[in-house]
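Coordinate analysis (summary)
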Amino acid sequence: MSLHSLQTLAYDVERIRQDFPILAMRPYGKPLAYLDNAATTQKPRCVLDAMTHYYTHLHSNVHRGVHFLSEHATAAYEHARDVVASFIGARRREEIIFTRGTTESINLVAASWGGAFLRPEDEILLTVFEHHSNIVPWQLVAQRTGARLQVVPLEPDGSFFVERALEAITERTRIVAIAHVSNVLGIVVPVAPIIEHAHRVGAVVLLDGAQSIAHVNVDVTELDCDFYAFSSHKVYGPTGIGVLYGKAELLERMPPYHGGGDMIRRVTFERTTYNDLPYKFEAGTPPIAEAVGLARALEYVDSIGRDAIAAWEERLIAACIEQLEQIDGVQILGPKRGRAAVVSFSVEGVHPHDIATFLDREGIAIRAGHHCAQPLMDFFGIPASSRISVAMYSTEEEIERASTALRKCITLFRP
Amino acid sequence: MELSDELRQLYQEVILDHHRAPRNYGNLESYTHQAEGYNPLCGDQIELFLRVNDAGIIEDARFTGQGCAISRASASLMTEALKGKSIEEAHTIFERFHHAVTSDPTAPIDADMLGKLVVLLGVREFPTRVKCATLPWHTLEQALAGGGTTTTE
């Protein structure tokens, strides 16, 4: 028996489900099958408890007061930074910047790094499957600086050839900003050769980790990426906080993004000097309770085991693809293999919103729409698609319920 | 798996019929009014054409585009309801329908006033889907106001 199957055998999903209070919900009297995890994940009780404990016993503002509570709040907040650094393999704690989420992390890099270092005719390389939040910030900075967007295509069948990305990296490429895992196709992008090639031409690489943080074992030092952005709420933590990892030597050369308290050293009306990393990029009162919750979430993930979770999810996605393929008129978007936690599909003659409404009344939550990836929908020539996405607490039974309901739904609309 | 009452109300046979075989689907060669409607939330898109004669009567109404069963059936039923009506009457139908479809699910329905459009009111139980039903109607208002693109979110 392979190590892989041993891991999934030992995986106690029922025990894990007990840790997530919301999974006991019964929408419309039906057991909840939450299969919209790429949008956001649910929270284990320990995260909720950690945040309540923080507000009950520790809350104060950080880095300011000299009193008891401020010291404890600061310690909790900075401990969270250490936990994040260790979770993604950052060498130094000051390379971890707390933001509001992936979107703000990318905007920070685009505005600060892009604004300072992009010149007319410089190239920003993206892929056709980027989320809007990894497209629009670059368009904004391109308009300001005269830099140009270049887009790596997919193959006609929706598969991703890393060679296409390597070909697209030129002497003019200054930054490659790509999704580590596609939020629609679930493709795990083989980023290592892209990073290596980009560095050879002197470009930096930003990985949009929104969809990889919960499903792929990320080590930024080993990957050697220059920036890595993710949101807490996609990895079982609270909303309202995210992370930007950046290499210290880059962050030090970048101008501040937001001005305000905590990011300064000395302010006069004539001149302001800035604080050291990471505080230079953390203006204003940070999301302290959220940082505490995020750290607890990451510790929880590691207590289950990232490899075990990935193996479990891989098994669920394989089952999902197998079941969907047997349904007449269902077309799965993108390649069947090499994907993490996400399956998007379209159904001939049935609109995704009708599918999502139908499944919803069965207690099954899936996503329907363009998934904030309109250029990718245009590539496939469809206005929208349906998406099933799993997490550590998902089960094969939930996948089966979804595919049974989908069959019924198709019969209704296309008898 | 039995359909819930709400789902059965939403996807009534008339709706499914208009979804599968929409009436007045296609381009209108000579039109006097035209507008596009777009729902950025789901990507649904509709183009509406009207031919209004000198007496101010809607002689023909057609639509194209892609959308869910609700928006397609709504466009189909709307074009049927518009033909032969004056512009003034079209505004009145819009107002009556819009008021009814955005009302509380428990609010009484004046079926005589709404006619066939009454089948679309099942959407009241599905707040996230009301926009699907109203998209063609906002496009109608846009077309009558002089054209262009309207978006609903």
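Residues numbered from 1 in each chain as written. Chains lettered and ligands numbered in written order. Predicted model: local features only at pLDDT ≥ 70, side-chain atom pairs only at ≥ 80, totals over all residues.

Focus on the environment of B:Y38
All names here are of chain B. Considering the arrangement of structural elements, one finds Y38 in strand β1 (residues 33–39). With 50 residues separating them in the primary sequence, Y38 and E88 have C-alpha atoms 24 Å apart. Contacts of Y38, omitting those with residues within four sequence positions, involve Q45, T149 and T151. (Helix = DSSP H or I, 4+ residues; strand = E, 2+ residues; numbered from the N terminus. Contact = placed C-beta atoms within 7 Å.)

Some words on the domain arrangement of chain A
Residues and elements named next belong to chain A. Assigned domains of chain A: these are domain 1 (3–40 + 305–413) and domain 2 (48–302). Centre-to-centre, using C-alpha coordinates, domain 1 lies 28 Å away from domain 2. Contacts between the two partners involve 26 residues from domain 1, matched on the other side by 24 residues from domain 2. For the side of domain 1 that touches domain 2, the elements supplying multiple residues, two or more each, are α12 (306–325), β12 (342–347) and α14 (374–380). In terms of residue count, α12 provides more of the side of domain 1 that touches domain 2 than any other element does, five residues in total. Of the residues contributing to the side of domain 1 that touches domain 2, the split by class is 16 nonpolar, five polar and five charged. (Domains from an automatic or database assignment. Nonpolar A, V, L, I, M, F, W, Y, C, P; charged D, E, K, R; others polar.)

A closer look at the interface of chain A and chain B
Counting residues at the interface gives 18 residues for chain A and 18 residues for chain B. Only α13 (352–360), β14 (367–369) and α15 (396–413) of chain A provide two or more residues apiece to the side of chain A that touches chain B. Ranked by the residues each element gives to the side of chain A that touches chain B, the list is headed by α15(A), at five residues. Broken down by class, the residue content of the side of chain A that touches chain B amounts to nine nonpolar, six polar and three charged.

Details of the packing of helix α11 (residues 288–304) of chain A against α12(A)
Residues and elements named next belong to chain A. Remark: α11 packs on α12, axes separated minimally by 5 Å, with the N-to-C direction vectors making an angle of 75°. Overall, the two elements α11 and α12 adopt an arrangement that is roughly perpendicular. Contacts between α11 and α12 involve V301, D302 and I304 from the former and R306, A308 and I309 from the latter. The class makeup of the residues in the contact of α11 with α12 is four nonpolar, no polar and two charged. (Axes fitted to C-alpha atoms, helices over the stretch in contact; angles between N-to-C directions. Parallel < 35°, antiparallel > 145°, perpendicular 65-115°, else oblique.)

Some thoughts on the sheet that holds strand β2 (residues 96–99) of chain A
Residue and element names in this part refer to chain A. The sheet built from seven strands is open, its strands ordered β2-β8-β7-β6-β5-β3-β4 with mixed pairing. Since the sheet does not close on itself, it has two edges, and those belong to β2 and β4 (148–152), each with one partner. Across this sheet, the average inter-strand angle for adjacent strands is 20°, counted without regard to direction. One ladder, built from five bridges, connects strand β3 (residues 123–127) with β4; its direction is parallel. Within the sheet, the bridge partner assigned to I124 lies in β4 and is L149. Its contacts with the sheet put helix α4 (residues 68–88) on β2, β7 (227–231) and β8 (242–246), and the angle it makes with β2 is roughly 115°. Here helix α6 (residues 136–145) sits on the sheet and contacts β3, β4 and β5 (173–179); the angle it forms with β4, its principal contact strand, is near 145°. (Pairing = 2+ DSSP bridges.)

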